[in-house]
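As a plain string of letters, each chain reads:
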Amino acid sequence: MSKVVGLTGDEAVAYAVKQCDVDVIAAYPITPQTVIVEKLSEFVANGEIDAAFIPVESEHSALSVVTAAALTGARVFTATCSQGLALMFEILYIASGLRAPVVMAIANRALSAPINIHCDHSDTMGARDSGWIQLYAENCQEVYDLIFQAYRIGENPRVYLPVMVGLDGFTLSHTLERVEMISDEEALRYLPRKPCYKYPVNPDNPATYGPVGLPDFYFEFKAQQAHAMEEALRVIPEAMKEFEKISGRKYYFFEPYKVEDAEVVVVSMGSTAGTVRYAVKKLRKEGLKVGALKLTVYRPFPEREILETLENAKVIIALERALSFGAVGSPIFEDLRSAFYDYDKHPLIANVVYGLGGRDFTVEDAIGVFKYGLEIARKGKVEKKVILWGVRE
């Protein structure tokens, strides 16, 4: 039996993790993620969750602890953001290389310098090639739901990869919203009990984890990780359909909105997607053919599905809260351009970078981005690949 409660994004993560019946939680506080591990510490202290709660001295240690615990067959969790994720960087690659099904929530936050505690996606975009599956939430309901799906996906024997769930710092992490919770019984039906890992550490059957991989073997390990990511493209929709059966809420790699006949489509991730959809509604009333696509799954990148969904668009704008210094464009832009390169239909693709360091992005801004896209369609060319939206001269 589901119930409706008011939760912030951080609280939504903590309640979902509690219902996932985790065994090991490693905690290191960093704004705006701190509330997640604070709430989980309360659950453990009150006996509401039977888990080892391990306070550590750094984010590097937090990920090290849960990676090792996952290899014993434990269901594990940690959370971080920004500089904390940067400090974890060494272990990000180790966790994925060891095929440890860790789940980690990231309250997306800008990277220093200068110091900024507000939202952008630079932290997780910097980790996009670390071998982790990446999911992004638009609202607190999705934050809650995606935690369950992250465990179902990462623990699947066809995948065995770590998963990070991104929620926009402060915009979601500290905002109270309506969240419909599933019951504990439904949660544990959706997530079968242990062991989560097929080859757990066992003193009676010794094995080596993370040994030296010399040139004669290392390449094959990386090929297996790449294959696991390919398998995830098949496992993710399966996990999402199973979650729909218990929750009634439908998920997919992405959520298209009025894209079928749209000349201009804006692709975005995270909380800004609602702003973009509202702009579509307003512009549609003016007779303008615009649409939106919200990415929920960024890694693995659902190339084929996006191509089929956006094949009729004349202009695609990658609206991104991250900047790739010195690159052709930001990450989503580069993925979209690469995907369409060999495709029969070639829409014009432009990149709009917005909201760095938490700068607001309003409905008027979204309308301006769509009108920029309509101007590209009129001219038939992209004069400047990357636009920094809202930057003062």
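Please refer to the structure placed before this passage.
Rules used in this analysis
- Residues numbered from 1 in each chain as written.
- Predicted model: local features only at pLDDT ≥ 70, side-chain atom pairs only at ≥ 80, totals over all residues.
- Heavy atoms only, no water.
- Helix = DSSP H or I, 4+ residues; strand = E, 2+ residues; numbered from the N terminus.
- Rg over C-alpha atoms; globule rule 2.2 N^0.38 Å.
- Contact = heavy atoms within 4.5 Å.
- Lys, Arg positive; Asp, Glu negative; His and termini not counted.
- Charge placed at Lys NZ, Arg CZ, Asp CG, Glu CD.
- Polar contact = N/O pair within 3.5 Å; in protein donor to acceptor, adjacent residues only side chain to side chain.
- Pairing = 2+ DSSP bridges.
- Axes fitted to C-alpha atoms, helices over the stretch in contact; angles between N-to-C directions.
- Parallel < 35°, antiparallel > 145°, perpendicular 65-115°, else oblique.
- Left-handed = near helix turned anticlockwise from the far one by under 90°.
- Nonpolar A, V, L, I, M, F, W, Y, C, P; charged D, E, K, R; others polar.
- Buried < 20%, exposed > 50% of the residue type's maximum accessible area, 1.4 Å probe, protein only.
- Right-handed = clockwise from strand over helix to strand, strands pointing away.
- Salt bridge = Lys/Arg side-chain N within 4 Å of Asp/Glu carboxyl O.

### Quick notes on the overall build of the protein chain
Here is step 1: Check the secondary structure of the protein chain and you find 13 helices and 15 strands.
Here is step 2: Against the globule reference of 21 Å for 393 residues, the protein chain gives a C-alpha radius of gyration of 21 Å, in line with a compact fold.
Here is step 3: For the C-alpha atoms alone, the extent of the protein chain along its principal axes is close to 70 × 55 × 45 Å.
Here is step 4: Contacts in the protein chain between residues at least 24 apart in sequence constitute 81% of all its contacts with a sequence separation of at least 6.
Here is step 5: Treating the 42 positive side-chain charges of the protein chain as one cloud and the 52 negative ones as another, the clouds have centres 6 Å apart.

### Notes on the side chain of Ser-58
Here is step 1: On the secondary structure map, Ser-58 appears in the loop between strand 3 (52-55) and helix 3 (59-70).
Here is step 2: A distance of 3.4 Å separates a polar side-chain atom of Ser-58 from the backbone nitrogen of His-60.
Here is step 3: Not counting chain neighbours up to four residues away, the residues in contact with Ser-58 comprise Tyr-28 and Leu-87.

### Notes on the sheet that holds strand 11 (residues 290-295)
In a beta sheet, neighbouring strands are held together by backbone hydrogen bonds and run either parallel or antiparallel to one another.
Here is step 1: Strand order across the open sheet formed by six strands is 9-11-10-13-14-15, with mixed pairing between neighbours. Two strands bound the open sheet, and with one partner strand each, they are strand 9 (254-257) and strand 15 (386-388). Neighbour-to-neighbour, the strand axes of this sheet turn through a mean angle of 20°, independent of strand direction.
Here is step 2: Sheet topology places strand 10 (residues 264-269) next to strand 13 (residues 315-320); four bridges connect them, and they run parallel. Across the sheet, the residue bridging to Val-264 is Val-315, located in strand 13.

### Quick notes on the sheet that holds strand 2 (residues 24-27)
Here is step 1: An order of 3-2-4-5-7-6-12 is seen for the seven strands of this open sheet, with the pairing classed as mixed. Two strands close off the open sheet at either side, each with one partner strand: strand 3 and strand 12 (297-299). This sheet shows a mean twist of 20° between the axes of neighbouring strands, independent of strand direction.
Here is step 2: Looking at chain direction, strand 6 (residues 133-136) and strand 12 are connected through two bridges and run antiparallel. Bridge assignment links Gln-134 to a residue of strand 12, and that residue is Arg-299.

### What to know about the packing of helix 10 (residues 272-285) against helix 13 (residues 363-379)
Here is step 1: Where helix 10 contacts helix 13, the two axes come as close as 8 Å, and the packing angle between them is 65°. Considering their axes alone, helix 10 and helix 13 lie roughly perpendicular with respect to each other. For the pair helix 10 and helix 13, the crossing hand works out as right-handed. On the side of helix 10, the interface is formed by Thr-275, Val-276, Tyr-278, Ala-279, Val-280, Lys-282 and Leu-283, while helix 13 contributes Val-363, Ala-366, Ile-367, Phe-370 and Lys-371.
Here is step 2: Taken together, the residues that form the contact of helix 10 with helix 13 break down as nine nonpolar, one polar and two charged.

### Some words on the pairing of strand 10
Here is step 1: Counting buried positions over the six residues of strand 10 gives six, a clear majority of the element.
Here is step 2: Of the two faces of strand 10, the one lined by Val-264, Val-266 and Ser-268 and the one lined by Val-265, Val-267 and Met-269 are each fully buried.
Here is step 3: Across six bridges, strand 10 lies against strand 11 in parallel orientation. Paired with Val-265 across the strands is Gly-291, a residue of strand 11.
Here is step 4: As a crossover connection, the stretch from strand 10 through helix 10 into strand 11 is right-handed.

### Here's the deal with the pattern of salt bridges
Here is step 1: In the structure shown here, the tally under the stated rule is 23 salt bridges.
Here is step 2: Note that Arg-249 and Asp-145 form a salt bridge whose closest N and O atoms lie 2.6 Å from each other. You can see Arg-249 sitting in the loop between helix 9 (218-247) and strand 9 and its partner Asp-145 sitting in helix 7 (residues 140-154), a full 104 residues away along the chain.
Here is step 3: Overall, the relative accessible area of 15% leaves Arg-249 in the buried class.
Here is step 4: Residue classification places Asp-145 among the buried positions, given a relative accessible area of 0%.
Here is step 5: Between Lys-294 and Glu-255 there is a salt bridge whose closest N-O contact spans 3.1 Å. Of this pair, Lys-294 sits in strand 11 while Glu-255 sits in strand 9, and the two are 39 residues apart along the sequence.
Here is step 6: Residue class for Lys-294 comes out buried when judged on its relative accessible area of 3%.

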